[in-house]
Amino acid sequence: MVSRVIPVDPFDLVVIGGTGDLARRKILPALYRRFCAGQVPDDAQIIGAARTAMDDAGYRDFVGAALDEFAGAAGCEDRARFLSIIGYVTLDVLGDAGWTELAGRLGQDRVQAFYFSVGPSLFGPIAERLQTYGMAGPDTRIVVEKPFGRDLTSARALNTDLARHFDEGQIYRIDHYLGKETVQNLMAIRFGNMLFEPLWNSQYVDHIQITVAETVGVEGRGEYYERAGAMRDMVQNHLMQLLCLIAMEPPSKFDPDAVRDEKLKVIRALDPIAPEDVVRGQYLADGDRPGFREHVGNAESTTESFIALKVRISNWRWAGTPIYLRTGKRLRARTSEIDVVFKDTPHSIFGPEAGRHRNILTIRLQPNEGIDLGVTIKEPGPGGMRLVDVPLDMTFAQALGPDAKDVPDAYERLIMDVVRGNQTLFMRGDEVEAAWAWTDPVIAGWEEAGTAPIPYDTGSAGPEESLALMHRDGRRWREIRA
Ligand code: NAD
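A quick note: this is a predicted structure, and the numbers were derived from the prediction, not measured.

### Here's the deal with the domain arrangement of the protein
Then step 1. Assigned domains within the protein: domain 1 (11-145) and domain 2 (178-404 + 432-471).
Then step 2. Each of domain 1 and domain 2 has a C-alpha centre, and the two are 35 Å apart.

### Section: the nonpolar core
Then step 1. Ranked by internal contacts, the top residues of the largest apolar core, which has 141 residues, are Ile-16, Phe-82, Phe-114, Phe-116, Leu-130 and Leu-309.
Then step 2. Ranked by residue count, the leading element in this core is helix 8 (residues 222-247), at 13 residues.

### A look at the site of the ligand
Then step 1. Taken together, 20 residues form the shell around the ligand, and within it Thr-19, Asp-21, Leu-22, Arg-25 and Val-93 come nearest.
Then step 2. Within the side chain of Arg-51, one N or O atom sits 3.3 Å away from a nitrogen atom of the ligand.
Then step 3. Backbone polar atom of Val-93 to a nitrogen atom of the ligand: 2.8 Å apart, as the coordinates give it.
Then step 4. Against a free-state accessible area of 830 Å², the protein chains account for coverage of 74% of the ligand.

### Looking at the UniProt feature "active site" (unreviewed entry) in the protein
Then step 1. Summarizing the sequence annotation, UniProt attributes the feature "active site" (unreviewed entry) to His-238 in the numbering used throughout.
Then step 2. Note that His-238 resides in helix 8.
Then step 3. Looking at His-238, the relative accessible area reads 2%, which means it is buried.
Then step 4. Dropping the residues within four chain positions of it, His-238 is found in contact with Lys-146, Asp-175, His-176, Tyr-177 and Asp-233.
Then step 5. A distance of 3.2 Å separates polar atoms of two side chains, one belonging to His-238 and the other to Lys-146.

### Considering the packing of aromatic side chains
Then step 1. Counted according to the given criterion, the structure contains 14 aromatic pairs.
Then step 2. Here the aromatic rings of Phe-116 and Phe-123 are separated by 6.0 Å at their centres, their planes lie at 55 degrees, and the arrangement is tilted. For the pair Phe-116 and Phe-123, one class covers both residues: buried.
Then step 3. Each ring, one from Tyr-283 and one from Phe-292, has its centre 5.6 Å from the other, and the planes form 85 degrees; the classification is edge-to-face.
Then step 4. In this structure, Arg-173 packs its charged tip against the face of Phe-148, placed 5.1 Å from the ring centre.
Then step 5. A cation over a ring is seen here: Lys-180 above Tyr-177, with NZ or CZ 5.3 Å from the ring centre.

### Considerations on the side chain of Arg-173
Then step 1. Relative to the elements of secondary structure, Arg-173 occurs in strand 6 (residues 171-173).
Then step 2. The buried category is assigned to Arg-173, whose relative accessible area is 1%.
Then step 3. Of note is the side chain of Arg-173, whose polar atom sits 2.8 Å from the side chain of Glu-168.
Then step 4. Excluding residues that lie within four positions of it along the chain, Arg-173 makes contacts with Val-144, Phe-148, Asn-159, Glu-168, Phe-426, Met-427, Arg-428, Gly-429 and Val-432.

### Quick notes on unusual backbone geometry
If a residue is not glycine, its phi is most likely negative; likewise, a peptide bond is most likely trans.
Then step 1. A cis amide bond links Lys-146 with the next residue in sequence, Pro-147, at an omega value of 0 degrees.
Then step 2. Structurally, the position occupied by Pro-147 is in the loop between strand 5 (141-144) and helix 6 (152-163).
Then step 3. Geometrically, the link from Gln-366 to Pro-367 is a cis peptide bond, its omega value of -10 degrees lying close to zero.
Then step 4. Here Pro-367 is to be found in the loop between strand 12 (360-366) and strand 13 (370-378).
Then step 5. Notably, Arg-330 is not glycine yet its phi reads approximately 55 degrees, a positive angle.
Then step 6. For Arg-330, a relative accessible area of 0% puts it in the buried group.
Then step 7. A positive phi angle, near 50 degrees, is found at Asn-368, a position not held by glycine.

### Description of the pairing of strand 4 (residues 111-116)
Then step 1. In terms of burial, strand 4 is a largely internal element, six of the six residues being buried.
Then step 2. Here strand 4 shows a buried face lined by Val-111, Ala-113 and Tyr-115 and a second buried face lined by Gln-112, Phe-114 and Phe-116.
Then step 3. Across six bridges, the pairing between strand 1 (residues 11-16) and strand 4 is parallel. Across the sheet, residue Phe-11 finds its bridge partner in strand 4, namely Val-111.
Then step 4. Two elements, strand 4 and strand 5, share four bridges in a ladder whose sense is parallel. Its bridge partner lying in strand 5, Tyr-115 is registered against Val-143.
Then step 5. Between the parallel pair strand 4 and strand 5, the chain is carried across by helix 5 (residues 123-132), and the sense of this crossover is right-handed.

### A closer look at the packing of helix 8 against helix 9 (residues 256-268)
Then step 1. Viewed as axis vectors pointing N to C, helix 8 and helix 9 meet at an angle of 105 degrees, and their least axial separation amounts to 9 Å. Here helix 9 runs roughly perpendicular to helix 8, going by the angle between their axes. The residues of helix 9 that touch helix 8, namely those facing Met-240, Gln-241, Leu-243, Cys-244, Leu-245 and Ala-247, are Lys-263, Val-266 and Ile-267.
Then step 2. Taken together, the residues of the contact of helix 8 with helix 9 break down into seven nonpolar, one polar and one charged.

### Quick word on helix 9
Then step 1. With 13 residues, helix 9 should reach 18 Å at 1.5 Å per residue; the first-to-last C-alpha distance of 18 Å fits that figure.
Then step 2. Among the residues making up helix 9, those that are buried are Ala-258, Val-259, Arg-260, Glu-262, Lys-263, Leu-264, Val-266 and Ile-267.
Then step 3. Where helix 9 is buried, its residues touch helix 7 (181-192), helix 8 and helix 13 (429-449).
Then step 4. N-cap assignment for helix 9: the residue whose side-chain oxygen lies 3.1 Å from the backbone N of Asp-257 is Asp-255.

### What to know about the environment of Pro-138
Then step 1. Tracing the sequence through the fold places Pro-138 in the loop between helix 5 and strand 5.
Then step 2. The exposure class of Pro-138 is exposed, given its relative accessible area of 74%.
Then step 3. For Pro-138 and Arg-105, which are 33 residues apart along the polypeptide, the C-alpha to C-alpha distance reads 19 Å.

The rules behind each value
Residues numbered from 1 in each chain as written. Predicted model: local features only at pLDDT ≥ 70, side-chain atom pairs only at ≥ 80, totals over all residues. Heavy atoms only, no water. Domains from an automatic or database assignment. Core = buried A, V, L, I, M, F, W, Y, C linked by side-chain atoms within 4.5 Å. Buried < 20%, exposed > 50% of the residue type's maximum accessible area, 1.4 Å probe, protein only. Helix = DSSP H or I, 4+ residues; strand = E, 2+ residues; numbered from the N terminus. Near = heavy atom within 4 Å. Polar contact = N/O pair within 3.5 Å; in protein donor to acceptor, adjacent residues only side chain to side chain. Areas by Shrake-Rupley, 256 points an atom, 1.4 Å probe, with all protein chains shown as cover. UniProt positions renumbered as here; feature names shortened; annotations may be inferred. Contact = heavy atoms within 4.5 Å. Phe/Tyr/Trp six-rings, centres within 6.5 Å; stacked < 30°, edge-to-face > 60°. Lys NZ or Arg CZ within 6 Å of the ring centre and 35° of its normal. Pairing = 2+ DSSP bridges. Right-handed = clockwise from strand over helix to strand, strands pointing away. Axes fitted to C-alpha atoms, helices over the stretch in contact; angles between N-to-C directions. Parallel < 35°, antiparallel > 145°, perpendicular 65-115°, else oblique. Nonpolar A, V, L, I, M, F, W, Y, C, P; charged D, E, K, R; others polar. Expected span 1.5 Å × (residues − 1).

Have a look at this one:
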């Protein structure tokens, strides 16, 4: 039921940066799993390209090791067949070595996609060389990774660099959150059911919470993270995308530009954030585990590893319904969820002793992808009308049975969408710029004020002040729990 596989047309996919961490952990295992599922044809070609000198056989060993480590239990009998479609070209992105060889390896009359699995400073040079060496045809697709810039100016510059060689319809900006099953289910739930949409507005929704909590710190990525912080690393892209999908108007159809037009309208309707509506934090050391400042190697770091924000959307649907966003590292549990908290009933026929009960629709991205709806019922048994809230749980693993394990992960789905030429789940250039245009003044606000992030304990829910952000509005964050 879930794993209906529609094979894609033959393609050449070049992973530039094919020896990097992302290629090893995500891209190659994702391709392998799709191959095992029967979606990748035998005459497809996957070519790694990077600076390290290696031949095809060497790269196949490298890929085999990456699969051992990261492909999990997934797999198929014939791993050798998968490895046989893998090749490698040693190539310098900033020079001319290797490009002619790469061009010579590509097949004719088939989809050609180039995955830029390198830092953004290399996007422009790669696009230029693809053009110079005759690989930027009208049907070529390019995939670029986050971070797409670090502010509006740099994002615009990247868009301009790419636009010199490729049309917008050829550029696939990845936000892997959009590839998650539940995120797409969010659209199915909203626009495939009559039940929710009439209630999906400020008349019925009290507020919405979006939490992306991690238990890990920034170990190993300290240098990058010190320059980015949670606002740039998580809010500008992942949380913003979730916010758009939850708040957008129904698109006229499920097509890339119709969906992305609606998302863009949400970003453009966001109010500027007042300084009192932002709480930033930094995790402290915990026993032997270093704190944030040690991880980033800066004893005076003012970068945040946690951020909570109260966001307002100025449009008819959402005026008066705030959206609270929060994300951070070294928190109590690893969890990502969206909670749509509905208003109280206008009048309780059960009297004050029945307590306060609210419907909450929870969309869980991880762990246990699924959706649950908290409904109020009578507590069973004699002794009067006592009310309790119980979940109508739609954990996919339960609802879909054994098929649920075959749900492809985000990278699998997104890479296959590139091959199929479907941009719906990728960010458009104007969307990314609009997100930065909203983000930049928030960052400038705290930089001008010179405020430092507030320390918080590992295993907590972030600084106490983030709880106060809700309390002062008479609301509470949902518990962070695995
Ligand atoms: P990495 O440093 O591990 O790998 C970089 C790759 O680029 C290597 O294969 C390297 O050989 C190649 N490379 C660098 N300079 C080159 C040059 N001049 N010529 C040819 N090849 C060159 O980086 P990564 O972690 O794989 O990340 C790649 C991109 O993906 C980055 O933009 C990163 O921000 C983004 N990203 C990574 C992750 C992740 O989990 N690693 C997650 C999201 C986004």
